[in-house]
Amino acid sequence: MEKQARSQSINQLIDRRQQRLTGHSTQRFRVMTELDWVFRTSYLTVVFLSRSFSNSLEVTLFAVLMYLVVRKAAGNRFSAEHAALLVGLISALGIFNRPTFLAFGLVPWIWFLRYSKVKNVARCAGSGLLSCMVLAFVDSLYYGRPVITPLEFIRYNIDPSNNASHGLHPRYFHLFVSMPQLFGPLCLILLHPAGVATIRRQKFLLGSFLVPLALISLIPHQEPRFLLALLVPVFLLTSELTWKRETLRWLWLLFNVMATLFFGVFHQGGVTRSLSTVATLLKSNAQGDVFYYKTYIPPTYPLLLPREQAHRVVDLGLEKIGLLELPAKIRLSGGKDSYLITPATVPIEGLFLRQNMTEELNHRICPHWSFEAPPDYAALWREPSQLCLNVWKLRSTLKA
């Protein structure tokens, strides 16, 4: 009965994720459970799962994999042969989407081996191998050369210099920073004696939570979004206790309202909104370039730039280039005006005189909060413009 209830809970979580993608609901889930409430009120659902991150797809694939494995283990009337084929397919999709799926899938795969016959394990392996071959073929067509993208991903990330360029983090970063940032009050339940007593009985869910957390913590470069798929076991383990206790429920709601405003509106919020300005600037200036400094990498695909013009949007990085080195990195193509987009907290005035350039504030996009160029918190109430992204026009002072 416990395995069947767990299977139904995972099924509900998948259904909620699919409803967000398709916009459809079903009569079956009109009565909302504690799991529904926690999933619907989480800022992870609103901010992250509504965007086309590879991490968001990883959540869905992980939930489907867990559902298939638990349903098979529960002995439901579900074709073992079909389940084996689907487990192989989902596993291949997960690995090609993000090779970190190897960490998330480890416990479900062990569970699958435990409850499956040898012939179904062979079916699963065959399905997974065939799916990998198809995915590799499609990727090779796209890149114009033979390529296996998970191997390219792993090869890139085992290079210490590549990790260093993105930032190195201590092994405990995910445990003490990423987990509280993602799940807030739910972490209290994972530590509370009443929660621990309940969770310890859920061996499959507990393993699906702890094993990926431990393995992904070994990666030198760490970001909270790398743990996004853990919302599946974490929500299943903690949602009932969270929603039934009034204090925890209100604490959870307050945490998610604040996190939605911060991560969904303020944090690096000007980068995407700046693209409409960039599109206008590139059209009006046939040769000038646009430089981003101290921001996240701007997504250039909405600009629909031809391949020969892709170089016109330049990411100067978050911290690799010092402020005094910045003018030397910018060149005015053909004497045309160029543009620099940077947080308002970065002091630009007079910086380009040595390079025979002047700067003029062209546009301001608000709100925008950057931890890489944080505001002066003491003066923030007097200068709220610190929470903006400035667009500077750079013009040569030399006569043509």
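Computed from a predicted structure; not experimentally measured.

Definitions and limits used
- Residues numbered from 1 in each chain as written.
- Predicted model: local features only at pLDDT ≥ 70, side-chain atom pairs only at ≥ 80, totals over all residues.
- Heavy atoms only, no water.
- Helix = DSSP H or I, 4+ residues; strand = E, 2+ residues; numbered from the N terminus.
- Buried < 20%, exposed > 50% of the residue type's maximum accessible area, 1.4 Å probe, protein only.
- Contact = heavy atoms within 4.5 Å.
- Areas by Shrake-Rupley, 256 points an atom, 1.4 Å probe, with all protein chains shown as cover.
- Axes fitted to C-alpha atoms, helices over the stretch in contact; angles between N-to-C directions.
- Left-handed = near helix turned anticlockwise from the far one by under 90°.
- Nonpolar A, V, L, I, M, F, W, Y, C, P; charged D, E, K, R; others polar.
- Pairing = 2+ DSSP bridges.
- Expected span 1.5 Å × (residues − 1).
- Core = buried A, V, L, I, M, F, W, Y, C linked by side-chain atoms within 4.5 Å.
- Salt bridge = Lys/Arg side-chain N within 4 Å of Asp/Glu carboxyl O.
- Disulfide = S-S within 2.5 Å.

(A) Quick look at the overall build of the protein chain. A count of helices and strands for the protein chain gives 17 helices and five strands. Across the 400 residues of the protein chain, 47% fall into the buried class. Considering only contacts in the protein chain between residues 6 or more positions apart, those separated by 24 or more positions represent 75%. Summing over all exposed atoms, the protein chain offers an accessible surface of approximately 21,200 Å²; the carbon and sulfur share of this is 62%.

(B) Spatial organisation of unusual backbone geometry. Between Cys-366 and the following residue, Pro-367, the backbone shows a cis peptide bond with an omega angle of -5°. The phi torsion at Gln-268 lies on the positive side, around 50°, for a residue other than glycine. With respect to the helices and strands, the residue Gln-268 is situated in the loop between helix H15 (246-266) and helix H16 (269-284). Its identity as a non-glycine residue notwithstanding, Lys-294 has a phi of 60°, on the positive side. Examined against the element boundaries, Lys-294 turns out to sit in the loop between strand S1 (290-292) and strand S2 (313-315).

(C) Geometry of the packing of helix H10 (residues 173-183) against helix H13 (residues 203-216). Contact geometry for H10 and H13: axes closest at 10 Å, N-to-C directions at 115°. Between H10 and H13 lies a crossing of right-handed hand. Side by side, H10 and H13 meet where His-174, Leu-175 and Met-179 of the first sit next to Phe-209, Leu-213 and Ile-216 of the second. Class assignment for the residues of the contact of H10 with H13 results in five nonpolar, one polar and no charged.

(D) Local environment of the sheet that holds strand S4 (residues 357-365). Overall, mixed pairing links the five strands, which are arranged S2-S1-S3-S5-S4 in an open sheet. The open sheet terminates on both sides in strands that have one partner only, identified here as S2 and S4. On average, each strand axis in the sheet is inclined to that of its neighbour by 25°, with strand direction left out of account. The sheet contact formed by S1 and S2 spans three bridges and is parallel. The residue bridging Tyr-292 from the neighbouring strand is Asp-315, located in S2.

(E) Quick peek at the side chain of Thr-100. Within the secondary structure, Thr-100 is located in the loop between helix H5 (80-97) and helix H6 (101-115). Apart from residues no more than four positions distant in its own chain, Thr-100 is found in contact with Glu-58, Ile-216 and Ile-219.

(F) Region of interest: H15. End to end, H15 covers 29 Å across 21 residues, agreeing with the expected 30 Å (1.5 Å per residue, within 8%). Every buried residue belonging to H15 is among Leu-248, Trp-252, Asn-256, Ala-259 and Phe-262, and all of these are buried. Buried residues along H15 sit against helix H2 (34-41), helix H3 (43-48), H10, helix H11 (186-191) and helix H14 (231-244). Note on H15: the residue one or two positions beyond its end, Gln-268, has a positive phi of about 50°.

(G) Just the nonpolar core, in detail. The biggest cluster of nonpolar side chains holds 56 residues, and the ones touching the most others in it are Met-179, Phe-183, Leu-230, Leu-231 and Phe-235. Among the elements that line this core, the one with the most residues is helix H4 (residues 54-73), at ten residues.

(H) Local environment of the pattern of salt bridges. In the structure shown here, the tally under the stated rule is five salt bridges. For Glu-223, the salt bridge goes to Arg-225, with nearest N and O atoms at 2.8 Å. For Arg-395, the salt bridge is made with Asp-337, and the minimal N-O distance between the two is 3.0 Å. Linking Arg-395 in strand S5 (residues 389-396) with Asp-337 in the loop between helix H17 (326-329) and strand S3 (338-343), this pair joins segments that are 58 residues apart in sequence. On the basis of relative accessibility, which here comes to 37%, the residue Arg-395 falls in the partly exposed class. The class for Asp-337 is buried, based on a relative accessible area of 17%.

(I) Fine view of the state of the cysteines. Counting across every chain of the model gives one disulfide. With its sulfur 1.8 Å from that of its partner, Cys-366 forms a disulfide with Cys-388. Between Cys-366 and Cys-388, the S-S dihedral sits near 100°, and the bridge is therefore right-handed. Highlighted residues: Cys-366 in the loop between S4 and S5 and Cys-388 in the loop between S4 and S5, separated in sequence by 22 residues. Overall, Cys-366 belongs to the partly exposed group, its relative accessible area being 40%.

(J) Representation of the pairing of S5. By the criterion of burial, S5 is predominantly enclosed, with six of the eight residues buried. Of the strand pairs in this sheet, S3 and S5 are connected by six bridges, and their pairing is antiparallel. Directly across from Pro-343, in S5, lies its bridge partner Leu-389. Across eight bridges, S4 lies against S5 in antiparallel orientation. Among the inter-strand pairings, Ile-365 is bridged to a residue of S5, identified as Leu-389.

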